[in-house]
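# Geometric and topological summary
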Amino acid sequence: MNNIPNELSGKDNTATYDDILNNTEIYEKILTLPDEIAISQYITSLRQVARQYKLTGDFDRLVHPYKEKALKVLKEQNAAKKKKDCYQTERPEWWDGNNVNEDIFCTQYLENHQLYCINNVFFDLNGEYNLSELSKEIYELIKPYVIRNIADRTKRIIEALKYKCYTPPPALNENVIHVRNGMLKIKNGKFRFYTDKIFTMNRLDVDYKADAPKSDKWIEFLNQLLSEEDVMTLQEYMGYLLIPSTRAQKMLMIIGNGGEGKSRIGRVLYELMGNNNIVNGSISDLDNGSKARFSRVKLVGKMCMLDDDMDISALEKTDFLKQLISSEILLEIEPKGRPSFFAKLYSRIIAFGNSPLSSLYDRSRGFFRRQIILTAKPVSKNRVNDKYLAEKFISEIEGIFLWCLEGLERLIANDFEFTLSEEAKQNLVLAEREMNNIIPFLESEYNFKFDGDNFYCRICGDRVSIKTKYGWILKSNSEGDEGKGICHSCLVEHCCNTNCLGCDWYKYPNCPHIETKKIYMEED
């Protein structure tokens, strides 16, 4: 006996070979079932019978049109019921029974939500507003009324909302720090706390607590990582990151051999500033590579860019990097797939690595003067690594914030000039000398005179204009009217005859390294 459920079958619960092939009544029964679950159960039981008669293929062919028709009818019935329910209940003003009036929806939504849209990004009083959360909220609001394409309608409302709450970027104020529970304003060189909250694109993810305990674990860690003066430099720089300003025109690098714990500083910065105010990235991506111009959009509205592991490759270009560090004007930003726009960038760079930043071609003083290079202390052989160190720092975050404020107040009092140890100053000198090996040559026995516009070679008396690249190197490394160096021609001859530096820079008829020096000779 081949059975199907009594409540689903016709006059009896028996299906035969002939029923599967010729009895339309068992198929028409599908059209009377109340829901998709009942339809699925009924078809499954019939298919089991068909399988016993080896008629599965014929059954699937015969049942398909009845199943499709039944599902279509159920869908239309549900839509009609949903529409009827909408009419029976109180409808929102933005719903006319068929469509959403986007302007009315946006107006009513903004009456209950204080939102701002700047550069295609939503903000509220607490900073950047998560787009996914906004989309979810709008989806839930329109779901009871919109029957089809709810996701597409949600996207359209989001786009309309961007126009409705568009706001130009607020003026940057480096005298105010916005925190979760209010704001701090500087007065007479000290920051004072106020509980008022005003709109800002950069609200820090920390509360101000004047009585927060001192961050002892943090201070102990820094004293093991850096020298005393370098700790002061880091304190000032982390305070500098709390305000939207590029006035100091510096980036900070901490260099070490690895394992010192430099990256713990980055973890603290993320906790202190919040994910919406700091972005992780690579310095080399700002100027170099095919995606460089598109990667800059992630800096808009960010207080800090963190490079946790600097690329040791030399930079081919440095133009945008230098503009960013000393940014004072609007810069062009080109989002991928969208029109470009101009924005004021104030992202300060803090980076960690095994060697200082280097450039293939830029040996200008402007490249080096924008850098602060701190050196991490060697790791003690007896040190035991604490895998929960970051969590201990986070528990002290309010105290660390007060420590950063102290550094910022000192930086402002020093007119945005950082405290630099002799070691930090020497690090910069060594980095410049390593990239520009003409400097050691200029420190040799060759003398020249400078009359304000030109240098004169002491060997041949030829004039060297400071407008040339070589002349600028001479000028930047001269001391007053007397410096050390010779003209290009004499330099070429000396270099090719003696190769005293092993630099192989210049082409000369008698030089055994003529090919490697060809590039520089062609430039001149």
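Residues numbered from 1 in each chain as written. Predicted model: local features only at pLDDT ≥ 70, side-chain atom pairs only at ≥ 80, totals over all residues. Heavy atoms only, no water.

### Side note on a negative patch on the surface
Put simply, the test is: Patch definition: residues above 30% relative accessible area lacking any salt bridge, with like charges linked at up to 9 Å and the nonpolar side chains Val, Leu, Ile, Met, Phe, Trp and Tyr linked at up to 5 Å. Working definition of accessibility: Shrake-Rupley area with a 1.4 Å probe, residue cover restricted to the visible protein chains. The salt bridge criterion pairs a side-chain nitrogen of Lys or Arg with a carboxyl oxygen of Asp or Glu, the two atoms within 4 Å. Charged-residue counts in this description rest on Lys and Arg as positive and Asp and Glu as negative, His and the chain ends being excluded. Here the site of a charge means NZ on Lys, CZ on Arg, CG on Asp, or CD on Glu. Here a strand is any run of E in DSSP of at least two residues, a helix any run of H or I of at least four, and the numbering for each starts at the N terminus.
On the surface, Asp-285, Asp-308, Asp-309 and Asp-311 cluster together into a patch of negative charge. Structurally, the position occupied by Asp-308 is in the loop between strand S9 (304–307) and helix H13 (319–325).

### Thoughts on unusual backbone geometry
Not every positive phi belongs to a glycine, and Asn-120 is a case in point at roughly 70°. With respect to the element layout, Asn-120 can be found in the loop between strand S1 (116–118) and strand S2 (121–124). Unlike most non-glycine residues, Asp-415 shows phi in positive territory, near 60°. Looking at the element boundaries, Asp-415 is found in the loop between helix H16 (397–413) and helix H17 (422–435).

### Focus: the sheet that holds strand S6 (residues 190–194)
What counts here: Any two strands with at least two DSSP bridges between them are considered paired. Think of each axis as a best-fit line through the C-alpha atoms, taken over the contacting stretch in the case of a helix, with angles from 0 to 180 degrees between the N-to-C directions. Throughout, a contact is declared for two residues whenever any of their heavy atoms are within 4.5 Å.
On the basis of which strands lie adjacent, the open sheet formed by three strands has the order S4-S5-S6 and antiparallel pairing. The sheet terminates laterally at strand S4 (176–179) and S6, the two strands that pair on one side only. In this sheet, neighbouring strand axes are inclined to one another by 25° on average, regardless of whether the strands run parallel or antiparallel. Sheet analysis places S4 next to strand S5 (residues 182–187), joined by four bridges and oriented antiparallel. If you follow Ile-177 over to S5, its bridge partner there is Leu-184. Across the sheet, H16 is in contact with S4, S5 and S6; its angle to S6 comes to roughly 135°.

### With respect to the pattern of salt bridges
Stated formally: Only protein chains enter the calculation, and the probe is 1.4 Å; a residue is then buried if its accessible area is under 20% of its type maximum, exposed if over 50%, and partly exposed in between.
Applying the stated criterion to the full structure yields 20 salt bridges. Among the ionic pairs, Lys-302 bridges to Glu-128, the shortest N-O distance being 3.3 Å. Residue Lys-302 is found in the loop between helix H12 (292–295) and S9, and its partner Glu-128 is found in strand S3 (residues 127–128); the two are separated by 174 residues along the sequence. Here Lys-302 falls in the buried class, since its relative accessible area comes to 11%. Judged by its relative accessible area of 30%, Glu-128 is partly exposed. One salt bridge in this structure joins Glu-159 and Lys-162, with 3.3 Å as the shortest N-O distance. Placement of both Glu-159 and Lys-162 in helix H7 (residues 150–164) is noted, with a separation of three residues, approximately one turn of the helix. Glu-159 gets classed as partly exposed once you look at its relative accessible area, which sits at 39%. Residues joined by salt bridges that share partners form a network here, namely Lys-136, Glu-140 and Lys-143.

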